[in-house]
Amino acid sequence: MTAHPAAPPNLTPSGRAGGPGLPQERRLVTAIPGPRSQELHARRLAAVAAGCSSALPVYVAAAGGGVVVDVDGNSLIDLGAGIAVVNVGNSAPGVVEAVREQVAEFTHTCFTVSPYEQYVAVCEALNRLTPGDHEKRSVLFNSGAEAVENAVKIARAATGRQAVVVFEHAYHGRTNLTMALTAKSMPYKHSFGPFAPEVYRMPMSYPFRDGGRSGEAVAAEAITRIEKEIGAGGVAAIVVEPVQGEGGFVVPAPGFLPALAEFARARGIVFVADEIQTGFARTGDVFACEHEGVVPDLITTAKGIAGGMPLSAVTGRAEIMDSVHAGGLGGTYAGNPVACAAALAAIRAVEEGDLSARARALGDVMLPRLRRLAEQHPVIGDVRGRGAMVAVELVRPGTLEPDPAATAAVNAACHAAGVLTLTAGTYGNVLRFLPPLVMGEDLLAEAMDVLADAFASLG
Ligand SMILES: *Cc1c(COP(=O)(O)O)cnc(C)c1O
């Protein structure tokens, strides 16, 4: 990434400058969490709803490059990137500059009241960047869940059909419809029903857990069940994550996605790729679908789109997108101008910084290390991922029986040693690694050392 020395320092309320100028180091000056974080946490428990919890309650003062600095002055290596959001880095200079300029011009008009160029420019960029050279349209929203809901609305309007097909281990969000699309009960759905109807769950290709069946074989089973249990003529959309996120970084076997896309095309079903976690260079391509040359009809994006500002989108075939009546799509804040300005800067950083190549380079640091760890520690049953979206799945050695306790122990040991890791998976037994794509390889290697120590401490 190019430096922007002319930009004023990005000062936090505490006077710390965030962004890539932060020292790129792991530095512990207190226990984790430290005393100031603990004070804030006590305030939080008395003020914030208990249902909204945090994976690691260290309170953040600044972040940039590959580190998060907390209010006690600890500098943690960031292997979460705010859940694959700050691919371009926290407070990336171009994003900060774009936001600063836009916020001084106007902060909001509501695009459905009086429009502005920034929104149009983001749609143009998405139409250009997403797979396929067909005519496309885009529409913007705030959150990933909102994008997925709207993709389903659009698919239903375009087809006149109602059923939606999703997969085991899928995660698509927390609103009522997207809870229905999501597989896992606790914590996402438990006690929150009833859920939206006309949602059908099909088998997912999961090589570690399905005996290494071919992608084509699992797709064929799903297709037969769609034909027999729903009837393909009633299906509006097939919604699938090309690499599953919250479900445990499940990478389907080759052939699974192309077979589903081909079936959808043949039966007039809208094929929706949910690239909310995989998008914007995370997997080593700008979009994960590109890996197998799959061209979705619609693609949902969010997370990595705007360098941390809230924005999401649905992009797809013009004839499908334009089938919705005027006024049918929108939202008060949807496509906010500040978020759009940030997105244009983040997209520029993805392209000009060739962050796809960076993602592959970071994957090349992680995967060999993790494979060696798996040889030493049979609790690691599987190492998988693509680009800088990498995970290990923990099991009782030699079995497929999930080991969420060991997963939690390794995760906690990483946190205590100053590495911010995240867990995932239907069984809570996956450690996932999502470094910002601008992280230095040395810092990432140090995080892998900490992880190795954490596994060694399992005993
Ligand atoms: C995070 C995520 C969502 C939901 O996005 P929100 O912005 O949290 O609503 C949907 N789909 C996938 C694949 C995700 O990773």
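Summarised in this report is the structure supplied together with it. (Residues numbered from 1 in each chain as written. Predicted model: local features only at pLDDT ≥ 70, side-chain atom pairs only at ≥ 80, totals over all residues. Heavy atoms only, no water.)

Quick notes on the pattern of salt bridges
Using the criterion set out here, one finds 18 salt bridges in the structure. With a closest N to O distance of 2.9 Å, E351 and R128 form a salt bridge. With a gap of 223 residues between them, E351 in helix 10 (residues 337-352) and R128 in helix 4 (residues 117-129) connect regions that are remote in the sequence. Exposure remark for R128: the relative accessible area of 52% places this residue in the exposed category. Where D382 meets R384, a salt bridge forms, and the shortest distance between an N and an O atom there is 2.8 Å. Each member of the pair, D382 as well as R384, is classed as buried. (Salt bridge = Lys/Arg side-chain N within 4 Å of Asp/Glu carboxyl O. Helix = DSSP H or I, 4+ residues; strand = E, 2+ residues; numbered from the N terminus. Buried < 20%, exposed > 50% of the residue type's maximum accessible area, 1.4 Å probe, protein only.)

Comments concerning the packing of aromatic side chains
If you walk through the whole model with that rule in mind, you get 7 aromatic pairs. On the basis of an interplanar angle of 80° and a centroid distance of 5.4 Å, the ring pair of F111 and Y116 is categorised as edge-to-face. Ring plane angle 75° and centroid distance 5.7 Å describe the contact between F167 and F256, whose orientation is recorded as edge-to-face. Here the residue F167 occupies a position in strand 5 (residues 163-167), and F256 occupies one in helix 8 (residues 256-266), the gap between them amounting to 89 residues. Given a relative accessible area of 0%, F256 falls into the buried group. Directly above the aromatic system of F195 lies the positively charged group of K189, at a separation of 5.2 Å from the ring centroid. (Phe/Tyr/Trp six-rings, centres within 6.5 Å; stacked < 30°, edge-to-face > 60°. Lys NZ or Arg CZ within 6 Å of the ring centre and 35° of its normal.)

With respect to helix 11 (residues 355-376)
The first and last C-alpha atoms of helix 11 sit 32 Å apart over 22 residues, in line with the 32 Å expected at 1.5 Å per residue. Within the sequence span of helix 11, burial applies to L355, S356, A359, L362, G363, V365, M366, L367, R369, L370 and L373. Those residues of helix 11 that are buried lie in contact with helix 10, strand 11 (380-386), strand 12 (389-394), strand 15 (430-433) and helix 13 (441-456). (Expected span 1.5 Å × (residues − 1). Contact = heavy atoms within 4.5 Å.)

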